[in-house]
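Remarks on the overall topology
These are the residues of each chain, in order.
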Amino acid sequence: TRRTLSSILTRQASKHSSSHASRHSLGTTLCNTALALALLAAALAATLLNAGAVSAGSATARPSGITVPEGFQVDEIANVFEWPTAFAFLPDGRILVGEKGGMLKMMVNGTVLAQPVIDLRSQVNDYVDRGFVDVAVDPDFTRNHYLYLFYTYKPVAMPHDSPDKVMGRIERYVLDGNVIRRSSVKIILDDFESTRENHSVDSIRWTPEGYMFVSFGEGAPSLEVTDLAVRAQNIDNLQGKIIRINKEDGTGVPGNPFYDAKNPKSARSRVWSYGLRNPFRFGVHPVTGIPYVGNVGWATYESLYRALPGTNFGWPCVEGILNRPEYQVKPGCKGVNITNVDKAEYDYPHMGNNASITGGDFNFATNFPDSMYGDYFFGDYSIQWLRRAVLDEEGKVVRVEEFAQGMGEPVDIKFGPDGMLYYLSIYSGGLRRISYKNGNHVPDVKLSATPIAGRAPLTVKFSAAGSTDPDKDKITYEWDFGDGAKMKNTSADGEVIHLYTANGQYIVRLTATDARGGKRVAETLITAGDAAPQVAITSPGNGSVYLPGQNVKLAGKASDLLGNTLSPERMSWRVTYHDGSAARVLTETTGATVSFTMPDGATSNNPFVEALFSARSAGGKISATHIDLYLPSEDGYIRTWWLSSGFLYGTLDDDRMPGGEAAYTAKPGDWFMQLVRTDPSSHRVNLANYITPAYKAVAYGFIWVDVLEDRKGLLGMLSDDGIAVWLNGKEIWRNKISRYMPDDTRDIDLPPIELKKGLNALLVKVDQNDGDWAFKVRVLNPDGSIMQDATVKSLAP
């Protein structure tokens with residue numbers, strides 16, 4: 001699904017300040033109106049051209065207007081994202097894509113899953129340059145499943161688009177399956193101050209040793225001469241810097257150029273290089289560990305820097321190859337000029353146009369021609385090109401050559417594990433892939449292991465069955481079993497057997513190498529001995545609603561990695577009531593089940609109950625999960641829904657809705673559904689907050705309505721376009737009216753309903769023609785009053 005012409009124009013107008021009319025933040029330079037209109041026109045043309053594309057993303061499409069060298073091709077592998085800013089590859093081939101507003105999404109086998117990995121929109125400030133800007137996968141992900149999210153954090157009460165001061169934050173989470181475990185959050189860094197809307201948090205990259213490089217803009221407004229920019233020259237703050245830190249606690253690394261052992265978390269202990277305006281993206285050389293930084297310029301030059309330790313690139317005293325007279329008079333620039341700052345590897349002038357460099361990645365794969373091996377590929381967001389820098393043996397740039405034109409607006413550029421070059425085009429919402437038709441394609445490697453856990457001595461059977469080479473080349477398999485033992489074979493068939501004699505966790509790496517040197521690595525984790533349990537809350541569903549005084553029963557399950565159920569005394573519950581200002585523990589107990597009485601939240605501010613379920617292994621390792629439960633909203637509107645992706649007009653096929661719309665009931669694991677709960681202050685579901693709406697499209701919402709006895713009533717509804725509703729498999733309402741949707745509590749559609757005692761399946765289909773994308777539903781008594789004892793459940797018992 002794609003944004004429409006009117007939605008892009010509206011978003012552009014509302015999000016761009018006058019000094020940023022030429023681009024949607026992210027390394028904003030001085031504006032050029034003519035180029036801005038050309039960029040917008042190109043984005044709109046691409047949108048209209050592909051307006052009918054289906055959002056599943058499983059089939060590739062070739063974007064128009066792109067020029068690449070002969071033998072190369074560009075495929076758009078997904079175009080359903082809303083202002084995508086960053087992406088990352090997981091070891092098993094899944095792709096994470098972050099959206100500026102705060103959503104992190106997952107691609108599996110070419111399909112964008114409807115359920116987000118995490119939704120951070122309630123805590124992300126995405127004003128101009130700010131937002132959710134990067135996601136990083138831990139180098140040891142196979143063992144720890146850590147993800148790092150980098151964004152500008154806002155207080156709960158602050159609007160998401162506030163220009164007020166906010167803080168940059170790096171948070172670490174554990175990925176469980178395709179979703180993040182919220183309770184696993186750990187703050188790694190939270191002391192970068194984003195004083196102004198420009199040049200905020202930027203990128204996370206890894207050193208070969210597993211340290212974290214992080215980049216920050218200097219936080220100064222683009223069209224002003226201000227002392228805020230001069231902070232880039234001060235190594236006692238983080239503005240305008242590249243820093244190198246430990247991934248566990250955010251402290252500086254001994255060996256950093258200004259490291260202070262007495263205060264390892266000071267700014268100077270973490271600074272690696274400085275004097276940068278907005279090092280929005282950079283790549284780290286996989287051998288030398290040196291960052292190659294794309295620094296967004298001001299009025300004259302864009303620069304590519306090789307950031308050796310302690311380098312000062314001169315901003316704002318110097319820009320590119322010029323001194324800046326506006327800043328040379330400031331005390332912070334005394335003695336800093338073009339004669340004594342570290343020079344760029346490559347500068348290119350604006351030549352009267354807007355420009356904005358996007359740092360990229362190194363080509364050390366075999367898919368591209370041999371002549372491009374080791375080159376650094378980078379882009380320009382505004383001019384929409386990609387270029388490649390050719391390096392000498394010392395890592396210096398020998399020359400820069402053109403590579404591709406008309407690429408859209410590249411905001412993140414990386415080589416994938418398949419040896420192809422991927423990039424995000426932010427306006428089109430597209431993730432694109434560049435491949436070389438005549439090049440070598442690396443093997444597609446599969447790795448299986450049985451069992452994956454057990455007590456030592458543990459015998460594990462491994463297999464590479466299913467591994468293939470796209471070019472039909474012969475594959476050699478190299479096994480590293482993680483305990484020091486290795487072996488090599490040339491057949492994917494048959495089993496490889498290995499015995500683990502000591503308890504421990506072992507990362508097994510299978511490297512598949514084709515006849516032309518193309519390599520692909522697969523990993524799996526073998527646990528001999530103790531491991532953290534697998535836990536889940538089986539009832540009720542997250543987001544379910546209960547009445548004050550109602551007895552709530554909770555059930556969970558916990559097992560070891562072999563599937564054996566843990567004993568009840570190893571499971572525990574903590575149920576906490578949050579009233580908006582404080583927290584009160586309702587009950588703590590052990591066992592697989594627990595019950596409590598739902599409190600009366602009449603005097604509270606947006607109350608809810610958090611149920612935390614945890615389990616402990618025999619060796620003391622703990623896993624936990626949680627759900628939130630709610631009281632009915634005072635206005636009666638349903639705020640918890642299973643919400644689908646957006647689809648082109650028409651009924652979904654049996655793969656998504658077996659038996660058709662009337663028979664459908666949502667359940668966990670439905671890949672095209674996500675569980676959402678609207679903001680407590682809102683009484684409607686705005687689908688634009690959760691999915692990328694399409695022109696002439698539909699989306700579905702599902703929930704169970706729970707009542708204590710058979711009864712009649714009304715369904716109070718309003719949508720801005722067409723709406724169809726099924727209750728217990730029977731269609732009870734349908735219209736195709738496009739209308740205004742006011743921000744108040746009123747119902748226009750009031751079809752009569754008959755509810756049965758217990759759970760009633762309610763399915764809503766909302767049409768979008770062009771414009772808004774919202775609906776609201778509540779359950780009423782026959783006289784129109786709110787049915788106070790009707791509640792909602794996200795899952796059937």
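The structure displayed is predicted, hence computed values, not measured ones. (Residues numbered from 1 in each chain as written. Predicted model: local features only at pLDDT ≥ 70, side-chain atom pairs only at ≥ 80, totals over all residues. Heavy atoms only, no water.)

A look at the overall build of the protein
A count of helices and strands for the protein gives six helices and 54 strands. Classification of the 797 residues of the protein by burial places 59% in the buried group. Long-range contacts, defined here as pairs at least 24 residues apart, represent 65% of the contacts in the protein between residues at least 6 apart. When the accessible area of the protein is evaluated, it comes to approximately 30,900 Å², of which 50% is carbon and sulfur surface. (Helix = DSSP H or I, 4+ residues; strand = E, 2+ residues; numbered from the N terminus. Buried < 20%, exposed > 50% of the residue type's maximum accessible area, 1.4 Å probe, protein only. Contact = heavy atoms within 4.5 Å. Areas by Shrake-Rupley, 256 points an atom, 1.4 Å probe, with all protein chains shown as cover.)

Here's the deal with unusual backbone geometry
Residue P316 is bonded to the preceding W315 through a cis peptide linkage, with omega at 5°. Within the element layout of this structure, P316 appears in the loop between strand 17 (301–306) and strand 18 (318–319). Looking along the chain, the bond that leaves S539 and enters P540 is cis, with omega of -5°. Counting through the fold element by element, P540 comes out in the loop between strand 36 (534–539) and strand 37 (551–559).

Things to note about the sheet that holds strand 14 (residues 271–274)
Spatially, four strands are ordered 11-12-13-14 in an open sheet, and the strand pairing comes out antiparallel. Edge positions in the sheet fall to strand 11 (201–206) and strand 14, since each of these pairs with one other strand and no more. Adjacent strand axes in the sheet meet at a mean angle of 20° when their direction is disregarded. Bridge count between strand 11 and strand 12 (residues 212–216): four bridges; the pairing is antiparallel. Bridging across to strand 12, W206 finds its partner in M212. (Pairing = 2+ DSSP bridges. Axes fitted to C-alpha atoms, helices over the stretch in contact; angles between N-to-C directions.)

Thoughts on the pattern of salt bridges
As enumerated under the stated definition, the model contains 43 salt bridges in all. A salt bridge links R196 to E224; its shortest N-O distance comes to 3.3 Å. Of this pair, R196 sits in the loop between strand 10 (179–194) and strand 11 while E224 sits in the loop between strand 12 and helix 4 (227–230), and the two are 28 residues apart along the sequence. A salt bridge links R205 to D412, with the nearest nitrogen and oxygen atoms 3.2 Å apart. You can see R205 sitting in strand 11 and its partner D412 sitting in strand 25 (residues 410–415), a full 207 residues away along the chain. Its relative accessible area of 10% is what places R205 among the buried residues. According to the relative accessible area criterion, D412 is buried, its value standing at 0%. Because the salt bridges share partners, they merge into one network encompassing D134, R205, R281, D412 and K414. (Salt bridge = Lys/Arg side-chain N within 4 Å of Asp/Glu carboxyl O.)

Notes on the packing of aromatic side chains
What describes a pair of aromatic rings is the distance from one ring centre to the other and the angle between the planes of the rings. Enumeration according to the criterion identifies 42 aromatic pairs in this entry. For the ring pair Y664 and F702, a centre distance of 6.1 Å and an interplane angle of 70° mean the geometry is edge-to-face. In this pair, Y664 sits in the loop between strand 44 (647–648) and strand 45 (673–677) while F702 sits in strand 47 (residues 697–707), placing the two residues 38 residues apart along the sequence. Overall, F702 belongs to the buried group, its relative accessible area being 0%. Clustering of aromatic rings is evident, with ring pairs tying together Y292, Y346, Y348, F362, F364, Y373, Y376, F378 and W385. Lying across the ring of F282, R205 places its NZ or CZ 5.9 Å from the centre. The ring of W315 is capped by R277, whose NZ or CZ atom sits 5.6 Å from the centre of that ring. (Phe/Tyr/Trp six-rings, centres within 6.5 Å; stacked < 30°, edge-to-face > 60°. Lys NZ or Arg CZ within 6 Å of the ring centre and 35° of its normal.)

A look at the pairing of strand 31 (residues 475–480)
Burial of strand 31 is one-sided: the residues I475, Y477 and W479 facing one way are buried, the residues T476, E478 and D480 facing the other way are not. Two strands pair when backbone bridges link them, and strand 31 and strand 34 (residues 504–514) are joined in this way by six bridges, in the antiparallel orientation. Its bridge partner being in strand 34, Y477 is matched across the sheet by A512. Across four bridges, the pairing between strand 31 and strand 32 (residues 486–489) is antiparallel. Across the sheet, Y477 pairs through a bridge with N489, a residue of strand 32. Linking strand 31 to strand 32, which pair antiparallel, is a turn of five residues; within it G482 sits at a positive phi near 85°.

Some points on the confidence of the model for the protein
Note: predicted coordinates in regions of low pLDDT should not be interpreted at a detailed level. Here the protein averages 87 in pLDDT, and 90% of its residues register 70 or above. Low confidence marks residues 1–59, where pLDDT is under 50. Its contacts with residues over four positions away, or in another chain, come to 141 contacts. (pLDDT = per-residue confidence, 0-100.)

Regarding the environment of S435
By the secondary structure assignment, S435 is in strand 27 (residues 430–436). With 362 residues separating them along the chain, S435 and Q73 place their C-alpha atoms 5.6 Å apart. Not counting the four nearest positions on each side in its chain, S435 is found in contact with G71, F72, Q73, N367, F368 and M420.

Concerning the sheet that holds strand 36
Spatial strand order, 36-37-40: three strands in an open sheet with antiparallel pairing. Edge positions in the open sheet fall to strand 36 and strand 40 (593–597), since each of these has one partner strand only. The average angle at which neighbouring strand axes cross in this sheet is 25°, direction not considered.

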